[in-house]
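# Structural features, examined
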Amino acid sequence: MKRGIVPEMVAEAIGTFILVLFGVGSVAVSVWTGGLDLWAVSLMFAFGVTFGVYVSGKVSGGHINPAVTLTLAVFTGFPWAKVVPYIIAQLIGAMLASAAIYGFYSEIVAGFEAGAELVRGEPGSQLSAMGFGTYAPNPAFNGTDAAAFEKVSLTKWFLSEAFTTAILVFGVLYLTDQHNTSAPSANLAPFFIGLLVAALVAFEAPISMTAMNPARDLGPRIMSYVFGWGEMAFPGPRGGWWIPTVSTILGGLVAGAFYRLYYRGVFQTYDTETPEWEKK
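Values in this document were obtained by computation on a predicted structure and should not be read as measured data. (Residues numbered from 1 in each chain as written. Predicted model: local features only at pLDDT ≥ 70, side-chain atom pairs only at ≥ 80, totals over all residues. Heavy atoms only, no water.)

### A look at helix α10 (residues 214-229)
Just so we agree on the cut-off: Each helix is a run of H or I in the DSSP string that is no shorter than four residues. Each strand is a run of E no shorter than two, and both are numbered from the N terminus. Here a helix's expected span is defined as the number of its residues, less one, multiplied by 1.5 Å. In this scheme, a residue with accessible area under 20% of its type's maximum is buried, one over 50% is exposed, and one in between is partly exposed, where area comes from a 1.4 Å probe on protein chains only. Whenever a nitrogen or oxygen atom comes within 3.5 Å of another N or O atom, the pair is scored as a polar contact, on the condition that within protein one atom can donate a hydrogen and the other can accept it, and that pairs from neighbouring residues in sequence are kept only if both atoms are in side chains.
Over its 16 residues, α10 extends only 19 Å from the first C-alpha to the last, a length that falls short of the 22 Å expected when each residue adds 1.5 Å. Of all the 16 residues making up α10, 12 are buried; the element is thus mostly covered by neighbouring parts of the structure. All buried positions along α10 are accounted for by Pro214, Ala215, Arg216, Asp217, Leu218, Gly219, Pro220, Arg221, Met223, Ser224, Phe227 and Trp229. At the N-terminal boundary of α10, the capping side chain belongs to Asn213, with an oxygen 2.9 Å from the backbone nitrogen of Ala215.

Listed below in structure tokens is the structure:
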């Protein structure tokens, strides 16, 4: 019996909700309360990704990331008819999780802004808005003034996000490729993907908060606009609101091209042939 697209959309929305609730929520807790450090945030992202993929994987494949969905459509034969519904579901899940975060923490973030003398929506308030969308440089590590902006140019922001997303998507393809005899079992793949996310967040977060996922940034960013951050959400302090979306999609496609057009052929060759160094 054909089940249709709706259950798959619901699964993607739930999986992305879990990712954003625990991952982005941990950033909010870290910034607004000081209760978590970078490594704790990284581990929370790992848990969010792992659990989100486990929960949604049986029904939808557990993409929970538009960059993954687009890459799979381009390079693995994932049906193009499902791409837009999946991405819509992922954005909805991210937005609902962001609404939940704000619903529980609205008074706490208001207290944080009062203590830091921030006016929501005004320059500098990306320090509180980072509990939703991503900013470069990371306001918590580098500040929000002109001197901070000089540390991370828009070009470096773009390239940094593309680079980390490419590594993530390469890891997803490697760990889930049925032709890869070196990959762990399918049941363990989400766990290792989560660990990879943790490592990438810990490495890159001081630069641009490590989006690696258009839905992770755009969904919460939309909600932060609704909750009063206005121009700090769109167009952002330097007009860079589009960077976490475009760069992560591009990074995923580059990884997909490298993996499917080159790397997969390399390890398949080594599966069927004896390497030269073993012949000596």
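Continuing now.
### A few points about the packing of helix α2 (residues 38-60) against helix α9 (residues 189-208)
Selection criterion: To get an axis, a line is fitted to the C-alpha atoms, and for a helix only the part in contact is used. The angle between two axes follows their N-to-C directions and goes from 0 to 180 degrees. When the near helix sits turned anticlockwise from the far one by under a right angle, the crossing is termed left-handed; a clockwise turn instead gives a right-handed crossing. Should any heavy atoms of two residues lie within 4.5 Å, those residues are considered in contact. For this classification, the nonpolar set comprises Ala, Val, Leu, Ile, Met, Phe, Trp, Tyr, Cys and Pro, the charged set comprises Asp, Glu, Lys and Arg, and every other residue, Gly included, is treated as polar.
Axis separation between α2 and α9 bottoms out at 8 Å; the angle between their running directions is 150°. In this structure, α2 meets α9 at a crossing whose hand is right-handed. When α2 is examined against α9, the residues Leu38, Trp39, Ser42, Leu43, Phe45, Ala46, Val49, Thr50, Val53 and Tyr54 are found in contact with a partner set consisting of Pro190, Phe191, Ile193, Gly194, Leu195, Val197, Ala198, Val201, Ala202, Ala205 and Pro206. Of the residues in the contact of α2 with α9, the class split is 18 nonpolar, three polar and no charged.

### Here we look at the pattern of salt bridges
Quick reminder of the rule: Throughout this description, the term salt bridge denotes a Lys or Arg side-chain nitrogen within 4 Å of a carboxyl oxygen of Asp or Glu.
In total, this model carries four salt bridges according to the counting rule given. Put simply, Arg120 and Glu113 hold a salt bridge, and the shortest N to O gap is 2.8 Å. In this structure Arg120 comes out as partly exposed when scored by relative accessible area, which is 22%.

### Considerations on the environment of Trp241
Mapped onto the secondary structure, Trp241 falls in the loop between α10 and α11 (243-272). Residue Trp241 is classed as partly exposed on the basis of its relative accessible area of 32%. Distance from Trp241 to Thr134, taken between C-alpha atoms, is 8.5 Å for residues 107 residues apart in sequence. When neighbours within four sequence positions are excluded, Trp241 is seen to be in contact with Asp217, Leu218, Arg221, Ala233, Phe234 and Pro235.

### Thoughts on unusual backbone geometry
The omega angle of the peptide bond from Ala136 to Pro137 is -5°, so this bond is cis rather than trans. Mapped onto the elements, Pro137 comes out in the loop between α5 (126-129) and α6 (139-142). That bond from Phe234 to Pro235 is cis: its omega, 10°, falls within 30 degrees of zero. Structurally, the position occupied by Pro235 is in the loop between α10 and α11. You will see that Glu117, though not glycine, has its phi angle at about 60°, which is positive. With a relative accessible area of 72%, Glu117 lands in the exposed category.

### Points about a nonpolar patch on the surface
Cut-off, in case you're wondering: Exposure above 30% relative accessible area and no salt bridge define the residues that can form patches, which grow by joining like charges within 9 Å and nonpolar side chains of Val, Leu, Ile, Met, Phe, Trp and Tyr within 5 Å. Residue exposure ignores everything except the shown protein chains as possible cover, and the areas themselves are Shrake-Rupley values with a 1.4 Å probe.
There is a patch of nonpolar side chains on the surface, built from Val6, Val10, Ile14, Phe47, Phe51, Tyr54, Val55, Leu188, Phe191, Phe192 and Leu195 and spanning about 950 Å² of accessible area. At the level of secondary structure, the elements contributing two or more residues to the nonpolar patch comprise α1 (6-33), α2 and α9. Sorting elements by how many residues they give to the nonpolar patch places α2 first, with four residues. Assignment of secondary structure puts Tyr54 in helix α2.

### Concerning the packing of aromatic side chains
Each pair of aromatic rings is reported with the distance of its centres and the angle of its planes. Heads up, the condition is: The criterion for an aromatic pair is that two Phe, Tyr or Trp rings (for Trp, the six-membered ring) have centres within 6.5 Å, with stacked assigned to planes under 30 degrees apart, edge-to-face to planes over 60 apart and tilted to the rest.
Tallied over the full model, the rule gives 22 aromatic pairs. With 5.1 Å between their ring centres and 85° between their planes, Phe22 and Phe47 make a pair best called edge-to-face. With Phe22 in helix α1 and Phe47 in helix α2, this pair connects stretches of sequence that are 25 residues apart. Owing to a relative accessible area of 27%, Phe22 belongs among the partly exposed residues under this scheme. Arranged with centres 5.5 Å apart and planes meeting at 40°, the rings of Phe258 and Tyr262 form a pair that is tilted. Within this pair, Phe258 and its partner Tyr262 are both found in helix α11, separated by four residues, close to a single helical turn. Phe258 sits in the partly exposed class, given a relative accessible area of 41%.

### Concerning the side chain of Asp217
The residue Asp217 is located in helix α10 in this model. In contact with Asp217, other than residues within four places in its own chain, are Gly133, Thr134, Ala211, Trp241 and Pro244.

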